[in-house]
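Overview (structure and organization)
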Amino acid sequence: MPCSTQSGTGSSLTANSSGATGRNLSTFSATAVAIATEIAENEIAHVRYLRAALTAAGATPVPCPSLALSPAIFTAAATAAVSALNATIATDTSATAFNPYSSDAAFYLGAYIFEDVGVTAYKGAVKVLQSQAFATVAAGIEAVEAGHAAIIRYQLYQIASSYTGLHLSDGTAISFETAVTAINALRDALGGTSSNSVESPLTRTPTAVAGVTTGPDLFAADANSVAYTRIPKQVLDIVYFGSYTSPGGFFPHGIAGNTDVDNINGTVTTHSCASGALSVSSLSTFVPLLVASIAVVCGVLYY
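What you see is a predicted model, and the numbers here were worked out from it, not measured in a lab.

1. Comments concerning the layout of surface pockets
Quantified by volume, the largest pocket comes out at close to 370 Å³. What lines the largest pocket is a set of 17 residues, among which D217, F219, A220, A221 and S225 lie closest to the centre. Elements represented by at least two residues in the lining of the largest pocket include exactly α3 (104–128) and α4 (132–158). Approximately 290 Å³ is the volume attributed to the second largest pocket. Lining the second largest pocket are 26 residues; nearest its centre among them are A77, A78, A81, A179 and I183. No other element matches the 7 residues that helix α5 (residues 176–191) contributes to the lining of the second largest pocket. Taken together, the residues of the lining of the second largest pocket break down into 24 nonpolar, 1 polar and 1 charged.

Dropping the structure here:
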C-alpha cells in the first residue's frame, strides 16, 4: 500500500504525497523496519477507526490531504529548527540534505517531528470533545501515540551523541541530541509556547532514584509526569510551518477539515461551533496528522 497511491472514500484512505524518495532496504536494520511496521499498522488502524466513527456519527470524513514529505521539506524543517536555536545551518547544505528515508537514524529523527505533536494533540482533543464516547477513543489513541513517541525517543537517545551529517555555519557538526533540542525549540516557537515550553529534552537527570545520574527522557510530560497539551490551532501552526491560517509545510493545501479551528481554543465554553459540531469537527482535525505519520513510515516500508 504505497502511501502516494492510496485512494478511496468512507473508511478508506486518500493521500497524495509530493513526498518520499525511493529507499534502499539494505540501509535499514530489522529493528527499524519492525518499529516502522508496527507504527504504520497502528496509524492506519487509527485513521480507519476514526473515519468510521465520524461516518457513524452522521459526519462525512474529510478527504485525506495532500502531503509534502520530500527530503526538501524535511531539510527546510531542519533549517528552521536550527534557526530556532539562534544558529544558522551551513550555507553549502544541500536542499535535500536531510532525507528521513535514508537510514535508521534519519527515519527516527523524521518521525520525532510528528510523534510528540500527536501525543499533545490527542491530549488537547480529550479536553474539548463533547462526546464522552469520542473522548474515550481519543484517550485510547493518545496512549498508543505516547508509546510510539517513547520508542522513537529511546532510539534517538541511543545515538544522541552521534552526528546527523548536518553542520552549522561555523562548521560545528549537529548531533542528534542537538537536532532534537532544535526541533523542540521550533515546535515551541511555532505553537507559541516558548515562554512555557511543552517539550521535553532527550535526556533527563533522575531525582527519585539514588545513584542514577542520567537517562533517557522517554515521555513528553510536565513536572507531574502528565502529558503536555496542544490545542488544534497550535498543532496546525506547527505542521504548516507558520500559521494555521496559511497552509504550508507538510500540508501545502491544508487539512481540508475543521473550519472552526480558530474557536477551538481548549475550552468548551468559548467555542462558537454549532451545537454538537465540536465533537465531530475537532476529531476530524487529527485524522490528517495521523495520515502524515503513516506516510513517513510508509516511506521506509513501501517506497
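2. Considerations on the packing of helix α2 (residues 71–84) against α5
Two measures define how a pair of helices packs: the angle their axes make with one another and the distance between the axes. One can describe the packing of α2 onto α5 by two numbers: an axis separation of 7 Å at closest approach and a directional angle of 85°. Here α2 lies roughly perpendicular to α5, going by the angle between them. Of the residues in α5, those touching α2 at A77, A80, A81, V82 and A84 are A182, I183, A185 and L186. Per-class residue counts for the contact of α2 with α5 are 9 nonpolar, no polar and no charged.

3. Side note on the environment of T245
You can see T245 is positioned in the loop between α6 (232–239) and α7 (277–301). Separated by 12 residues in sequence, T245 and K233 have C-alpha atoms that sit 8.9 Å apart. One polar contact links T245 to S243, side chain to side chain, over a distance of 2.8 Å.

4. Concerning the confidence of the model for the protein
Detailed reading of the predicted model is not advised wherever pLDDT is low. Scored by pLDDT, the protein comes out at a mean of 79, with 76% of its residues at no less than 70. Here strand β1 (residues 16–17) stands out as the element of the protein with the lowest mean pLDDT, 44, in contrast to strand β4 (residues 173–175), whose mean of 97 is the highest. For the stretch residues 1–22, pLDDT sits under 50, and the model shows 64 contacts to residues farther than four places along the chain or on other chains. Predicted confidence for residues 258–282 stays below pLDDT 50, and this span has 48 contacts to residues more than four positions away or in other chains.

5. Here's the deal with the pairing of strand β3 (residues 163–167)
In this structure, β3 lies alongside β4, joined through 2 bridges in antiparallel fashion. Across the sheet, residue Y163 finds its bridge partner in β4, namely S175. Hairpin connection, β3 to β4: the antiparallel pair is bridged by 5 residues, and G171 has positive phi, about 95°.

6. A closer look at the nonpolar core
Counting residues in each nonpolar core, the largest one holds 50 residues, and the members touching the most others are F74, L109, I152, L156 and F250. Residue assignment for this core shows that the elements contributing at least two residues are α1 (30–56), α2, α3, α4, α5 and α6. With near-sequence residues (within four places) excluded, F250 lies in contact with S66, L67, A68, L69, I73, F74, I113, F114, V239 and F241. Residues Y122, A125, A135 and A138 belong to the second largest nonpolar core, which totals 10 residues.

7. Structural notes on the packing of aromatic side chains
Evaluation of the coordinates by the stated rule reveals 8 aromatic pairs. Judged by centre distance (5.9 Å) and plane angle (90°), the rings of F74 and F98 are edge-to-face. With F74 in helix α2 and F98 in the loop between α2 and α3, this pair connects stretches of sequence that are 24 residues apart. Its relative accessible area of 9% is what places F98 among the buried residues. The interplanar angle of 50° and the centroid separation of 4.8 Å between the aromatic rings of F114 and F250 together place this pair among those described as tilted. Taken together, the residues F114 in helix α3 and F250 in the loop between α6 and α7 connect sequence positions 136 residues apart.

Calculation notes
Residues numbered from 1 in each chain as written. Predicted model: local features only at pLDDT ≥ 70, side-chain atom pairs only at ≥ 80, totals over all residues. Heavy atoms only, no water. 1 Å grid on protein atoms, 1.4 Å probe; cavity = no way out; pocket = protein on both sides within 12 Å on 5 of 7 lines; lining within 4 Å. Points joined across faces, edges and corners; volume = space filled by probe spheres on them. Helix = DSSP H or I, 4+ residues; strand = E, 2+ residues; numbered from the N terminus. Nonpolar A, V, L, I, M, F, W, Y, C, P; charged D, E, K, R; others polar. Axes fitted to C-alpha atoms, helices over the stretch in contact; angles between N-to-C directions. Parallel < 35°, antiparallel > 145°, perpendicular 65-115°, else oblique. Contact = heavy atoms within 4.5 Å. Polar contact = N/O pair within 3.5 Å; in protein donor to acceptor, adjacent residues only side chain to side chain. pLDDT = per-residue confidence, 0-100. Pairing = 2+ DSSP bridges. Core = buried A, V, L, I, M, F, W, Y, C linked by side-chain atoms within 4.5 Å. Buried < 20%, exposed > 50% of the residue type's maximum accessible area, 1.4 Å probe, protein only. Phe/Tyr/Trp six-rings, centres within 6.5 Å; stacked < 30°, edge-to-face > 60°.

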